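Tertiary structure, described
Letter by letter, the chains look like this.
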Amino acid sequence: MEHYLTLRIVHGATAVLLLLGVIVHLIMLWKAGRGGDQAVLQRKLQRTRRLSLPLLAVIGLSLPVTGWWLTHLAGWPLGQFWLLASSVLFLALIPLVLLLAGRLSAWQAPGSPTAARNAGIYGVLVLVVLIAITALMGAKPV
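Looking at an unreviewed UniProt entry, one finds the chain named DUF2269 domain-containing protein, with Stutzerimonas decontaminans as its source organism.

Structure follows, in structure tokens:
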């Protein structure tokens, strides 16, 4: 298989995996929070914080590298609007993910009634930014 096509497939699959992972974790934590069983919620929060967030972060950090490599191989200039806008959105995504991680740890600690709501808000914001980046990457408006 051609090098460019292989990289494109890996990049696209990674982006889909990241989006699906965030959606699944948002739904899973929302359902666990609504269920009322604190033991199940604490177990899911701990698993999300210790395993899923670092794995999703590594996947997310690999996307700009492979994306910029793809634009280099395709010969597109790095100054195009869609590429610059997605880079700025990615820079906005990093603090949102860090804030989400902090809210998840606060939610796991007892006695924080608003942490669940704040974690949900940050989770939805992360999802919206990821969808915007994916839309810019998929559409590639010139």
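Let us keep going from here.
1. Focus: helix 2 (residues 38–74)
Taking 1.5 Å per residue as the helical rise, helix 2 with its 37 residues ought to reach 54 Å, and the 51 Å between its terminal C-alpha atoms agrees with that figure. Looking one or two places after helix 2, you find Gly 75, whose phi comes out positive at around 85 degrees.

2. Brief notes about the side chain of Gln 80
By secondary structure assignment, the location of Gln 80 is in the loop between helix 2 and helix 3 (81–108). The class for Gln 80 is buried, based on a relative accessible area of 18%. Here the side chain of Gln 80 touches Trp 82 through a polar contact of 2.4 Å, side chain to side chain.

3. Digging into the nonpolar core
Grouped together as the largest cluster of nonpolar side chains are 26 residues, with contacts concentrated most on Leu 93, Leu 104, Trp 107, Val 126 and Leu 130. Looking at this core, the elements with two or more residues in it are helix 1 (3–35), helix 2, helix 3 and helix 4 (115–139). The contacts of Leu 104, once residues within four sequence positions are left out, are Leu 29, Leu 45, Thr 48, Arg 49, Leu 53 and Ala 119.

4. A word on the UniProt feature "transmembrane region" (unreviewed entry) in the chain
Cross-referencing UniProt, the feature "transmembrane region" (unreviewed entry) maps to residues 12–30, 51–70, 82–101 and 121–139 in the present numbering. Within residues 82–101, the helical portion is 100% and the strand portion 0%, while the C-alpha atoms at the span's ends are 28 Å from each other. A helix fraction of 100% and a strand fraction of 0% characterise residues 121–139, whose end C-alpha atoms lie 27 Å from each other.

Cut-offs and rules
- Residues numbered from 1 in each chain as written.
- Predicted model: local features only at pLDDT ≥ 70, side-chain atom pairs only at ≥ 80, totals over all residues.
- Heavy atoms only, no water.
- Helix = DSSP H or I, 4+ residues; strand = E, 2+ residues; numbered from the N terminus.
- Expected span 1.5 Å × (residues − 1).
- Buried < 20%, exposed > 50% of the residue type's maximum accessible area, 1.4 Å probe, protein only.
- Polar contact = N/O pair within 3.5 Å; in protein donor to acceptor, adjacent residues only side chain to side chain.
- Core = buried A, V, L, I, M, F, W, Y, C linked by side-chain atoms within 4.5 Å.
- Contact = heavy atoms within 4.5 Å.
- UniProt positions renumbered as here; feature names shortened; annotations may be inferred.

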